[in-house]
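One-letter residues, chain by chain:
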Amino acid sequence: FTCVYDGYDKTYTYSDIIIITSPIDGREIITSLTLLSETVKHNLGIQIGDSADDILRVYSEDTLDVSDECYIWEGTFGIVFYLQDTVITEIEIYVL
């Protein structure tokens, strides 16, 4: 059960991406994408296998905290970069 939208989320899992949808106004809307492979890139060129330094290069924010998870908010969506030993292992993009 979703805590954001009325109804049930659906999860579609593929080798390179996980897609989560929610029913909104009678339509199935994508609410989250999780990139799992270097074959799919973030729109600013960041991909799985890149380093925390690459995040800082693209999002040159003084307050950016890059640890195991790095959160960035852009308008109506958020991005989470999941890191292990300063290397990106997953990228999640979700609707706020």
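The structure under discussion appears in the preceding block.
Only a predicted model underlies this, so the values are computations on that prediction, with no experimental measurement involved. (Residues numbered from 1 in each chain as written. Predicted model: local features only at pLDDT ≥ 70, side-chain atom pairs only at ≥ 80, totals over all residues. Heavy atoms only, no water.)

Peer 1: Got a sec to walk through the overall build of the protein chain? Specific residues and values, please.
Peer 2: Of regular secondary structure, the protein chain possesses 1 helix and 6 strands. Taken from the N to the C terminus, the helices and strands of the protein chain come in the order β-β-β-α-β-β-β. Counting the 96 residues in the protein chain, one finds 33% classified as buried. Once local pairs closer than 6 in sequence are excluded, the contacts in the protein chain between residues at least 24 apart make up 25%. Accessible surface computed for the protein chain: about 6,200 Å², of which carbon and sulfur atoms make up 51%. (Helix = DSSP H or I, 4+ residues; strand = E, 2+ residues; numbered from the N terminus. Buried < 20%, exposed > 50% of the residue type's maximum accessible area, 1.4 Å probe, protein only. Contact = heavy atoms within 4.5 Å. Areas by Shrake-Rupley, 256 points an atom, 1.4 Å probe, with all protein chains shown as cover.)

Peer 1: How would you explain a nonpolar patch on the surface if you had to name every residue and give the values?
Peer 2: A cluster of nonpolar side chains, namely Tyr-71, Trp-73 and Leu-96, defines an oily patch on the protein surface of about 340 Å² accessible area. With respect to the helices, strands and loops of the structure, Trp-73 is situated in strand E4 (residues 69-74). For Trp-73, a relative accessible area of 53% puts it in the exposed group. (Patch = residues over 30% accessible without salt bridge, like charges linked within 9 Å, V, L, I, M, F, W, Y side chains within 5 Å. Salt bridge = Lys/Arg side-chain N within 4 Å of Asp/Glu carboxyl O.)

Peer 1: Describe the packing of aromatic side chains, listing the residues and the values that go with them.
Peer 2: Applying the stated criterion to the full structure yields 2 aromatic pairs. With a centroid separation of 5.9 Å and an interplanar angle of 15 degrees, the aromatic rings of Tyr-71 and Trp-73 are classed as stacked. You can call Tyr-71 partly exposed: its relative accessible area is 35%. (Phe/Tyr/Trp six-rings, centres within 6.5 Å; stacked < 30°, edge-to-face > 60°.)

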